[in-house]
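In case you want the letters, here they are:
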Amino acid sequence: MKKIALLLLLALPMMGWAAEQTLKPRLVVCTDIAPADVEPDDMESMVRLMAYADLFEVEALITSVGWNCDPYPKEWAEYLQRVIEAYRKDVPKLMKRSGQTTFLPISEEEKSQFIGYWPSADYMKSRAVMGSERGGIKVIGEGNDSPGSELLIRLADEDDPRPIYVAAWGGANTLAQAIWHVKQARSAEELKRFVRKFRLYTITDQDMQFNMRMDRAYSSHMWLRKEFKDDLQFIWDEGTWQEQCDLGKRNWQLHKEHIQGKGNLGKEYPDYKWGVEGDTPSFLYVIPNGLNDPEDPHQAGWAGYHERGLCADSLTTAWTSWQEPVLGISVGYKKRFYPDEINDFMARMQWADEGQGNRNPQVVINDSEGLQSLSIEAKAGDMIRLDASKTMDPDGGKLSFLWWQQPEIGKTKVTIAQPEESVITIKIPVETSKETIHIICEVHDDGPFHLVSYRRIQIHIL
């Protein structure tokens, strides 16, 4: 198994239980990052990702083909390097957020990282590689291997049980090429195991030029959905990313005041051209804040809500939200969570700028700590008591609570007595049959930006 860095506690002398017990999710980004006068939103999303580098094990930053670039101009990769160098200057201040005092050697950083650890800029640079420079299914095959596709194969072959989440800000051609390569060299069962290591979240379908975006058969994404529909968790975002863009435009003044110019990362955050951070939902879907488990796209989170169904190509299936009523549900969640999402980002940029600021609450339910959902078994007619009174704010602030049910999961609707208290009771209706009820505990502090944390409770009715 991929070893956990044993020296980590030396680098994190002041971290709490969440960092010491929880491994980061493994994240790969495929980005068509470009100059601001071409398309600035990848640059914006990359700045945000760096401000959250303590929450993701960034396994690869792959520059590759996208809507506005086929072939991808290699010189554009310099914009990724600019963000990494800005991170280099700001990370000493960001480290103060978790009490980190030093970096591990890169050889240790390459092992499993805990939540709370800020990796070095040198580590980030070592994970920045070139992927597919051309797009479409026709280039998949001999001659299309790249440092990016080779790295994906190495990552999947590591003895690490965690899934690898691929966030496609441009096209996912590099992943498709890696899968094609393995298909040629390994058995059907080995290929299946390889593909099942990955989870793919695509921001629309960008394995093509923008002006041909309705020609779905051109893209390698269709091949992935057709050939590996039972093995590859594929989320095709055709709704949430547009809402991300629009909400950013409507709240641009907040970006100007609290993100642009804050620290060196903020100086690299460009003005928008079409929309703001359209690619950000791809990693917000994975963000470990206690709200949703990315292994279950039904669970609503900062990237909205998805159901499995027919895709916009009218041929393949995937997890998506492009049609009503799912689109409306997903956009509704995006609007609901956006104020907390942007506040969280602004607070982190304050840390990048000043080396001080607010930190998120740590939610404790029924003495259970951590970020994973809490699982409870119950019977019809039972009274369930959920106690979050031991939830703490690391800055000593006052906390406010809101408990709510996600209605899209399960048929039974429950009444939550006093949903704004730290301790609640829920009566399971006597007519409830076997199913699972999802309850969320949402906790805000009263510090700057009123930061939020969550904990999801799954009540399994026997």
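The structure we're discussing is the one just above.
Owing to the predicted nature of the structure, the values given are computational and were not obtained by experimental measurement.

Student: What is the right way to read the sheet that holds strand β1 (residues 26–31) from this model?
Tutor: The strands that make up a sheet are held in pairs by hydrogen bonds between backbone atoms, and each pair lies either parallel or antiparallel. On the basis of which strands lie adjacent, the open sheet formed by 8 strands has the order β3-β2-β1-β4-β5-β6-β8-β7 and mixed pairing. Every other strand in the sheet has two partners, leaving β3 (128–130) and β7 (307–310) as the edge strands with one partner each. Here the strands of the sheet are splayed against their neighbours by 30° on average, with no regard to which way each runs. As judged from the 5 bridges shared by β1 and strand β4 (residues 164–168), these two strands associate in the parallel manner. Note that in β4 the partner of Leu27 across the bridge is Tyr165. Taken strand by strand, helix α7 (residues 147–157) contacts β1, β2 (57–63), β3, β4 and β5 (198–203), and its axis lies near 160° from that of β2.

Student: Explain the nonpolar core here, please?
Tutor: Side chains of nonpolar character tend, in soluble globular proteins, to be buried together. In this structure, Met46, Phe56, Leu61 and Tyr87 are the most contacted members of the largest nonpolar core, which totals 79 residues. In terms of residue count, helix α15 (residues 326–354) provides more of this core than any other element does, 11 residues in total. Not counting residues up to four positions away in its chain, the partners in contact with Phe56 are Lys24, Pro25, Leu27, Leu49, Gln113, Phe283, Val286, Ile287 and Pro288.

Student: Teacher, can you tell me more about the state of the cysteines here?
Tutor: Formally, a disulfide is one covalent bond, and it connects the sulfur atom of one cysteine to the sulfur atom of another. Taken as a whole, this structure holds 0 disulfides when the rule is applied. Note on Cys30: no disulfide assigned, nearest cysteine sulfur contributed by Cys69 at a separation of 12 Å. Judged by relative accessible area, which is 0%, Cys30 ranks as buried.

Student: What is the right way to read the pattern of salt bridges from this model?
Tutor: It is possible for side chains of opposite charge to pair when their charged atoms get near one another. For the structure on display, the rule yields 30 salt bridges. In this structure, Glu158 engages Arg26 in a salt bridge whose closest nitrogen and oxygen atoms are separated by 2.9 Å. One end of the pair, Glu158, is in the loop between α7 and β4; the other, Arg26, is in strand β1, and 132 residues separate them in sequence. Among the charged side chains, a salt-bridge network with shared partners connects Arg26, Glu57, Glu59, Arg127, Glu158, Asp160 and Arg162.

Student: Would you mind going over unusual backbone geometry with me for this structure?
Tutor: Note on backbone geometry: most residues besides glycine have negative phi, and most peptide bonds are trans. Following Asp70, the chain continues into Pro71 via a peptide bond in cis, with omega recorded as 10°. Positionally, Pro71 belongs in the loop between β2 and α4 (78–94). Residue Glu324 is joined to Pro325 through a cis peptide bond whose omega torsion reads 5°. Within the fold, Pro325 resides in the loop between β8 (317–320) and α15. The phi torsion at Glu277 lies on the positive side, around 55°, for a residue other than glycine. Tracing the sequence through the fold places Glu277 in the loop between α13 (263–267) and α14 (281–284).

Student: Even after reading the chapter, I still don't get the environment of Tyr269, so can you show me in this structure?
Tutor: Summarising the element assignment, Tyr269 is placed in the loop between α13 and α14. For Tyr269, a relative accessible area of 3% puts it in the buried group. C-alpha separation for the pair Tyr269 and Pro40, spaced 229 residues apart in sequence, amounts to 8.4 Å. The residues touching Tyr269, leaving out its near neighbours within four places in the chain, are Glu44, Val47, Trp252, His255, Ile259, Gln260, Val276, Glu277 and Phe345.

Student: What am I meant to see in the side chain of Ser120 here?
Tutor: With respect to the secondary-structure elements, Ser120 resides in the loop between α5 (106–109) and α6 (121–126). In terms of polar contacts, Ser120 uses its side chain to reach the backbone amide nitrogen of Tyr123, at 3.0 Å. If near-sequence neighbours (up to four positions away) are discounted, Ser120 is found in contact with Tyr87, Phe103, Ile106 and Glu109.

Student: Would you mind showing me how to read the sheet that holds strand β9 (residues 374–378) here?
Tutor: Strand order in the open sheet formed by 4 strands is β9-β15-β14-β11, with mixed pairing between adjacent strands. In this open sheet, the two edge strands, each paired with only one partner strand, are β9 and β11 (399–405). The mean inter-strand angle of the sheet, taken between neighbouring strand axes irrespective of direction, is 20°.

Student: Can you walk me through α4 in this structure?
Tutor: In an α-helix, one full turn covers 3.6 residues, which means residues spaced three or four apart are oriented alike. Its 17 residues give α4 an end-to-end C-alpha distance of 23 Å, which sits within 8% of 24 Å, the value for a rise of 1.5 Å per residue. Roughly 40° is the biggest bend found in α4, and it falls at Arg88, with proline Pro92 one to four residues downstream. For α4, the set of buried residues is Leu80, Gln81, Val83, Ile84, Ala86, Tyr87, Asp90, Val91 and Leu94.

Student: Teacher, can you tell me more about the packing of helix α3 (residues 41–51) against α4 here?
Tutor: Between two packed helices, both the angle of their axes relative to each other and the distance between the axes serve to describe the pair. Two elements in contact, α3 and α4, have axes whose closest approach is 10 Å; the angle formed by their N-to-C orientations is 30°. By the angle between their directions, the pair α3 and α4 is classed as roughly parallel. In terms of crossing hand, the pair formed by α3 and α4 is right-handed. In this structure, α3 uses Met43, Met46, Val47 and Met50 to contact α4, whose residues at the interface are Tyr79, Leu80, Arg82, Val83, Ile84, Tyr87 and Leu94. Split by residue class, the contact of α3 with α4 holds 10 nonpolar, no polar and 1 charged.

Student: Mind showing me how you'd approach the pairing of β1 here?
Tutor: Two faces, one strand: in a regular strand the side chains alternate between the faces of the sheet. Most of β1 sits out of view: 6 of its 6 residues are buried. Of the two faces of β1, the one lined by Arg26, Val28 and Cys30 and the one lined by Leu27, Val29 and Thr31 are each fully buried. Across 6 bridges, the pairing between β1 and β2 is parallel. Bridge pairing in β2 links Val28 to Ala60. Between β1 and its parallel partner β2, the chain crosses via α3, and the hand of that crossover is right-handed.

Conventions adopted
Residues numbered from 1 in each chain as written. Predicted model: local features only at pLDDT ≥ 70, side-chain atom pairs only at ≥ 80, totals over all residues. Heavy atoms only, no water. Pairing = 2+ DSSP bridges. Helix = DSSP H or I, 4+ residues; strand = E, 2+ residues; numbered from the N terminus. Axes fitted to C-alpha atoms, helices over the stretch in contact; angles between N-to-C directions. Contact = heavy atoms within 4.5 Å. Core = buried A, V, L, I, M, F, W, Y, C linked by side-chain atoms within 4.5 Å. Buried < 20%, exposed > 50% of the residue type's maximum accessible area, 1.4 Å probe, protein only. Disulfide = S-S within 2.5 Å. Salt bridge = Lys/Arg side-chain N within 4 Å of Asp/Glu carboxyl O. Polar contact = N/O pair within 3.5 Å; in protein donor to acceptor, adjacent residues only side chain to side chain. Expected span 1.5 Å × (residues − 1). Bend = angle between axes of the 7 residues up to and from the residue. Parallel < 35°, antiparallel > 145°, perpendicular 65-115°, else oblique. Left-handed = near helix turned anticlockwise from the far one by under 90°. Nonpolar A, V, L, I, M, F, W, Y, C, P; charged D, E, K, R; others polar. Right-handed = clockwise from strand over helix to strand, strands pointing away.

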